[in-house]
Amino acid sequence: MQKRPQSTRAFTVEHVDGLARAGTLHLPHGPVRTPVFMPVGTQATVKGLTNAQMTDGDGLDLDICLANTYHLGLRPGGDALEALGGIHTFSRWPRNVLTDSGGFQMVSLLQFSQVTEHGVHFQSPVDGSAMLLTPERSMELQNQIGADIIMALDDVVPATATDAARFAEATERTIRWLDRCIRAHRRPQQQLLFGIVQGGLDTSLRQRCLQQIVQRPLPGYAIGGLAGGEEKRQFWRVVQQCTATLPPDRPRYCMGVGYPADLLVCVALGVDMFDCVYPARTARFGSALVDGPAPGVLKVRAADMAADYRPLSADCPQRCCRAYSRAYLHVLAARDASVVAQLLTLHNVAYLTRLMRRARQAIAEGDFPSWVQRWFRQQYPQHDY
Ligand code: PRF
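Residues numbered from 1 in each chain as written. Predicted model: local features only at pLDDT ≥ 70, side-chain atom pairs only at ≥ 80, totals over all residues. Heavy atoms only, no water.

K.L.:
Which residues make up the overall build of the protein chain, and what are the values?
P.N.:
Check the secondary structure of the protein chain and you find 15 helices and 16 strands. By its C-alpha atoms, the protein chain is 60 × 50 × 40 Å across when sized along the principal axes. Residues classed as buried in the protein chain amount to 56% of the 385 residues present. When contacts within the protein chain are restricted to residue pairs at least 6 apart in sequence, long-range pairs at least 24 apart make up 67% of them. (Helix = DSSP H or I, 4+ residues; strand = E, 2+ residues; numbered from the N terminus. Buried < 20%, exposed > 50% of the residue type's maximum accessible area, 1.4 Å probe, protein only. Contact = heavy atoms within 4.5 Å.)

Dropping the structure here:
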């Protein structure tokens, strides 16, 4: 167990309503209002968006976005980023960045990656050479990249896998790797290191991982290994188990979660932070997130959009809804898919950002349970409540 002191005042919980919390993360590049959805900007830019669209007053006003150690380590590389002064200087992104540690991306993206006690072995997609991402190397790269929050390297097994022994091995290894990450982290005062809870869907493995990880005095904790196609009931059960054990004064981050209903259930269970490629990816397929009824998605290519002159959402302040009708987006989608993808990415990231700010306000007003029930009723009116 490591005892390296970490800043403990990075997170303040301002309001609690049931298990839901509204707080602020105080980071080097400004405050992050929680609960928060963090869009994924693999190379520190969200696919399809400009920096101005992400930060400006009439843009998304995002407090934080995600970047990936794996992608940035390949291009432009850790040394180049360090020489430039880090990711904020390189991408001219003035707000906060969180980097994921790289292992999950390699295992999910690369067919031929292999995990051993040393780390994740893979073939470079750039020149085919053999590469190894160890906990120490992930920390070195993340220290060079210079994000405000960095993640420990974890051994991720998809929640739907069936090999119980592999889950047990991955859980223990994640704990050992966390200690290696804590030892290797060179900038604990500038960059908050979060540990990740693994353990699949197995209650006792999760508890073992939780007990071990909370003994490490870290400034934040993530729930990993979920959102991989497991049943919702199982997903909720594990999230609830984790939030019940994680320390209440530290931020809790549920990794890879981005469906609106999942975000709200997790907020109700006490989660503060989320990330997912979903809003940007679904935008590239022509889908716009809107309040219900289910599925809460408008497909701009669908025939019934052709004569619908309303905006996607009446309450969306973004250009895609102020300056474009559904009918016009429908025509554009056939002519200029890249412009539509950009407009819908803006719309979808704005939707999830607003959803989290609405939840935050309801928590602050002590009205979260009835607000969230109203949201689910309009989203799923056919459901028997
Ligand atoms: N670990 C890491 N990144 C992640 C996850 C994880 O478990 C998930 C959940 N499947 C998304 N991103 N390091």
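K.L.:
Break down empty space enclosed by the protein for me, citing the residues and quoting the values.
P.N.:
Enumeration over the complete set of coordinates arrives at 1 cavity of 30 Å³ or more. Taken as a whole, the largest cavity spans an internal volume of roughly 70 Å³. Taken together, Arg-33, Pro-35, Val-36, Phe-37, Leu-62, Asp-63, Ile-64, Thr-353, Met-356 and Arg-357 make up the lining of the largest cavity. Mapped by element, the contributors of at least two residues to the lining of the largest cavity are strand S4 (36-39) and helix H14 (337-364). Here the element with the most residues in the lining of the largest cavity is H14; it accounts for 3 residues. Class assignment of the residues belonging to the lining of the largest cavity gives a composition of 6 nonpolar, 1 polar and 3 charged. (1 Å grid on protein atoms, 1.4 Å probe; cavity = no way out; pocket = protein on both sides within 12 Å on 5 of 7 lines; lining within 4 Å. Points joined across faces, edges and corners; volume = space filled by probe spheres on them. Nonpolar A, V, L, I, M, F, W, Y, C, P; charged D, E, K, R; others polar.)

K.L.:
Provide a residue-level description of the site of the ligand, including the pertinent values.
P.N.:
Taken together, the residues surrounding the ligand are Asp-100, Ser-101, Phe-104, Asp-154, Val-156, Ile-196, Gln-198, Gly-224, Gly-225, Leu-226, Met-255 and Gly-256. Asp-154 is positioned with one of its side-chain polar atoms (N or O) 2.7 Å from a nitrogen atom of the ligand. Protein chains bury 94% of the 320 Å² of accessible surface belonging to the ligand in isolation. Here the ligand occupies the largest pocket. Its residues placed into classes, the shell around the ligand shows 5 nonpolar, 5 polar and 2 charged. (Near = heavy atom within 4 Å. Polar contact = N/O pair within 3.5 Å; in protein donor to acceptor, adjacent residues only side chain to side chain. Areas by Shrake-Rupley, 256 points an atom, 1.4 Å probe, with all protein chains shown as cover. Sits in = over half its atoms within 2 Å of the grid points.)

K.L.:
Outline the packing of aromatic side chains, listing residues and values.
P.N.:
Per the counting criterion, the structure on display carries 6 aromatic pairs. For the pair Tyr-259 and Tyr-278, a centre-to-centre distance of 4.7 Å together with 85 degrees between the ring planes defines the contact as edge-to-face. Taken together, the residues Tyr-259 in the loop between strand S13 (252-254) and helix H10 (260-268) and Tyr-278 in helix H11 (residues 278-284) connect sequence positions 19 residues apart. Members of the aromatic cluster, each reached through a chain of ring pairs, are Trp-375, Phe-376 and Tyr-380. (Phe/Tyr/Trp six-rings, centres within 6.5 Å; stacked < 30°, edge-to-face > 60°.)

K.L.:
With reference to specific residues and values, describe the sheet that holds strand S8 (residues 120-123).
P.N.:
Strands belonging to one sheet form pairs held by backbone hydrogen bonds; the direction of such a pair is parallel or antiparallel. Read across the open sheet, the 3 strands follow the order S7-S8-S9; overall the sheet is antiparallel. Looking at which strands have only one partner, the edges of the open sheet turn out to be strand S7 (114-115) and strand S9 (130-133). Bridge analysis of S8 against S9 gives 4 bridges, and the strand direction is antiparallel. Its bridge partner lying in S9, His-121 is registered against Leu-132. (Pairing = 2+ DSSP bridges.)

K.L.:
Explain the pairing of strand S6 (residues 96-100) to me, and be specific about the residues and the numbers.
P.N.:
Of all 5 residues in S6, 5 are buried; the element is thus mostly enclosed. In S6, alternate side chains face the same way, and those of Asn-96, Leu-98 and Asp-100 on one face and Val-97 and Thr-99 on the other are all buried. Sheet topology note: the strand S5 (residues 64-68)/S6 ladder contains 5 bridges and is parallel. Across the sheet, the residue bridging to Cys-65 is Val-97, located in S6. Note that S6 and strand S10 (residues 149-151) share 2 bridges and pair parallel. In the strand pairing of S10, Thr-99 is matched with Ile-150.

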